[in-house]
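Structural description and commentary
Okay, here's what each chain looks like letter by letter:
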Amino acid sequence: MAEELKKDALVQIDYKPPKKGWMDTPVEFRHGTYIYPARAKNLKYLDLPNPREWSPTDEDWKLPENWKEIVINGMKERLDKYRSFKVYMDICVRCGACADKCQFFIGGGDPKNMPVLRAELIRSVYRGNFTAAGKILGRVNGARKLTTDVIKEWFYYFYQCTECRRCSVFCPYGIDTAEITMMGRELLTLLGVNVNWVIEPVANCYRTGNHLGIQPHALMDMFEMMLDDIKDRTGIKIEPTFNRKGAEILFITPSADYFAEPGMYTCMGYLMLFHELGLDYTWSTYASEGGNFGLFTSHEMIKRLNAKMYAEAKRLGVKWILGGECGHMWRVVHQYMGTLNGPADFLEEPVSPITGTKFENAKSTKMVHIAEFTADLIKNNKLRLDPGRNDKLRVTFHDSCNPARAMGIFEEPRYIIKNVCNNFFEMPENTTREQTFCCGGGAGLGTDEMMEMRMRGGMPRANAVQYVHDKHDVNRLTCMCAIDRATLTTLMEYWVPDVKVTGIHELVANALVMKGEKERIVDIRGEPLKEEKGGDNV
């Protein structure tokens, strides 16, 4: 799909508003801009409403007979339950501070992808049903009736939002449009209006413990291949344990880390690091997924999926949990764990067995981010590193939205990168840290049928990468999120093909000097550590 898109067509963006008002401009379901709906079997497996086969391009979406009642009652329930939702519905003054901050509006020009207008899609229904002024004045007050066209509009635009929260940084009232998107998706879920790219991973997680549906024996096969590659490249035989009761630490990472490139190189970095430390840890073939696609479905689903990690930690009797490079896993743990699942009091407050550092920020969740863990190791001189092994790489860093904007993990990844490679270059400051641009494929948008919107939404990030590529000859974009590693790879292939994507711990693996290793002549990808004369940058 990405190969079919023409760059010129995506760059030539028409920001001219439509001739008709936004309420009178219907949705056009154009190939490449919407996601296929959830399959009936996955809805049934999760006991979600209205399982059936349908298509967004159909006139009849096969909604329940009382669908309006379901939506209005669902909205009332959420207005009563979530104070933030009620506040966000009432306080927007339409100042426009967020209007040009969404990468999907920047890359596509559709005014309904302005955060303020995306929120109006649901706020207008709220006004028409829950405010006196809206009931009396109607459109004059920005209210409208709930119709099937509104449902179609919600489906189209709430699944063109990656819930990245960049717009919230610029809102003078602190309105979090991502929370509004989440409420919209929850209301759609009540009607069985979901996307398969979100619901199928959730169903897989229930069946096998991970989004990809990988069975334990297949998981072990994948690890065997990675371990063979590590031995081939370093001479070190690593023997991790799985489902071992009594280990000090349970390590959990996204399933994408052991499934395919480039995530598997990050996973190999974990294996090498933990082996070199002699860490008393174990993997689980049952809680084999750190990612939480419940964040893209409903608060109840967030709670159900987050609970499995802690149930496994309790079963294995570990002291605390260490988590890999993931985005939404960390937003869930950091922002939702305490209220949805409660403090994990059966675990101990995490203390690094290598440095003695107490991770006080994990006092409630009992879960530490791998970037915090590794940065602490480096700060306390517990690793032998040769950054020269990464000298053929000229690196920039993408702040993944959830660990960065939602958690505030800005400096730890940069500290690691600067200690494991000699050539690091920042992208422009208005595209990093709190203001980082999204990969364009998060929140369940990372599927191929959505390719045009992914490339449009990712264009602002690609522009920033192009800038450092042109100015500093950057050839490697690093990040600490499994979705980013998957979606940025396609984005770079399309917009900046000379730049490849990597995780942070792949760079750590290259630089790590291990006891008893053979002479390292290739990196963890099996490519030469040193550039051959006349060769291209890797």
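All values derive from a computational prediction rather than experimental measurement.

**Describing the packing of aromatic side chains**
Scanning the entire structure with this criterion turns up 25 aromatic pairs. Their ring planes at 65° and their centres at 6.5 Å tell us that Tyr34 and Tyr36 sit as a pair that is edge-to-face. Seen in terms of ring centroids, Tyr126 and Phe130 are 6.0 Å apart; in terms of plane orientation they differ by 15°. Their pairing is stacked. On the criterion of helical spacing, the pair formed by Tyr126 and Phe130 is a turn pair, its members being four residues apart in helix 6 (residues 115-130). What links up through ring pairs into an aromatic cluster is the set Phe29, Tyr34, Tyr36, Trp54, Trp61, Phe155, Tyr156, Tyr157 and Tyr159. Positioned above the aromatic ring of Phe170 is the side chain of Lys101, whose terminal nitrogen or guanidinium carbon lies 5.0 Å from the ring centre. In this structure, Lys314 packs its charged tip against the face of Phe346, placed 5.4 Å from the ring centre.

**Details of helix 20 (residues 451-472)**
Where helix 20 bends most, at Met459, the angle is about 50°, and the proline Pro460 comes one to four residues later. The element helix 20 is largely enclosed, with a buried count of 16 among its 22 residues. Where helix 20 terminates, the next one or two residues include Asp473, which has phi positive at roughly 60°.

**Notes on the sheet that holds strand 6 (residues 476-479)**
In spatial order, the strands read 5-6-7; together these three strands make up an open sheet with parallel pairing. Edge strands, defined here as strands with exactly one partner in the open sheet, are strand 5 (395-397) and strand 7 (500-503). Put simply, the sheet's adjacent strands are angled 35° from each other on average, direction ignored. Pairing analysis gives three bridges linking strand 5 to strand 6, with the strands arranged parallel. Bridged to Val395 within strand 6 is Arg476.

**Overview of helix 3 (residues 67-81)**
In a regular helix each residue adds 1.5 Å, so 15 residues correspond to 21 Å; helix 3 covers 21 Å between its end C-alpha atoms and thus fits that length. Of the positions making up helix 3, those classed as buried are Trp67, Val71, Ile72, Gly74, Met75, Arg78 and Leu79. For helix 3, the arc enclosing every buried residue in end-on projection is 160°, short of the 170-degree limit, so these residues lie on one face. Exposed and oriented more than 90 degrees from the buried face of helix 3 are Asp80 and Lys81. Along its buried surface, helix 3 packs onto helix 4 (83-91), helix 6, helix 8 (148-158) and helix 10 (177-189).

**Brief notes about the side chain of Thr502**
Checked against the element boundaries, Thr502 lands in strand 7. Once residues lying within four places of it in the same chain are set aside, the contact partners of Thr502 are Arg476, Leu477, Thr478, Cys479, Arg485, Leu507 and Arg525.

**Description of the domain arrangement of the protein**
Interface size is commonly expressed as the accessible area that is lost once the parts come together. What the domain assignment reports for the protein is domain 1 (12-30 + 49-193) and domain 2 (203-511). Each of domain 1 and domain 2 was reduced to a C-alpha centroid, and the two centroids are 32 Å apart. On the domain 2 side, the residues contacting the 28 residues of domain 1 number 30 residues. Where domain 1 abuts domain 2, roughly 2,300 Å² becomes buried across the two surfaces, and 57% of that area is made up of carbon and sulfur atoms.

**Considerations on the pairing of strand 6**
Judged by which residues are buried, strand 6 turns out to be covered on both faces: Arg476 and Thr478 on one side and Leu477 and Cys479 on the other are all buried. One crossover worth recording links strand 6 to the parallel strand 7 by way of helix 21 (residues 482-495), and it is right-handed.

**A look at the environment of Gly278**
As for its placement among the helices and strands, Gly278 is situated in the loop between helix 13 (263-277) and strand 2 (281-282). What makes Gly278 exposed here is its relative accessible area of 59%. Measuring from C-alpha to C-alpha, the distance between Gly278 and Ile354 comes to 9.1 Å, with 76 residues separating the pair along the chain.

Calculation criteria
- Residues numbered from 1 in each chain as written.
- Predicted model: local features only at pLDDT ≥ 70, side-chain atom pairs only at ≥ 80, totals over all residues.
- Heavy atoms only, no water.
- Phe/Tyr/Trp six-rings, centres within 6.5 Å; stacked < 30°, edge-to-face > 60°.
- Helix = DSSP H or I, 4+ residues; strand = E, 2+ residues; numbered from the N terminus.
- Lys NZ or Arg CZ within 6 Å of the ring centre and 35° of its normal.
- Bend = angle between axes of the 7 residues up to and from the residue.
- Buried < 20%, exposed > 50% of the residue type's maximum accessible area, 1.4 Å probe, protein only.
- Pairing = 2+ DSSP bridges.
- Axes fitted to C-alpha atoms, helices over the stretch in contact; angles between N-to-C directions.
- Expected span 1.5 Å × (residues − 1).
- Arc of directions from axis to C-beta.
- Contact = heavy atoms within 4.5 Å.
- Domains from an automatic or database assignment.
- Buried area = accessible area lost by both parts, 1.4 Å probe.
- Right-handed = clockwise from strand over helix to strand, strands pointing away.

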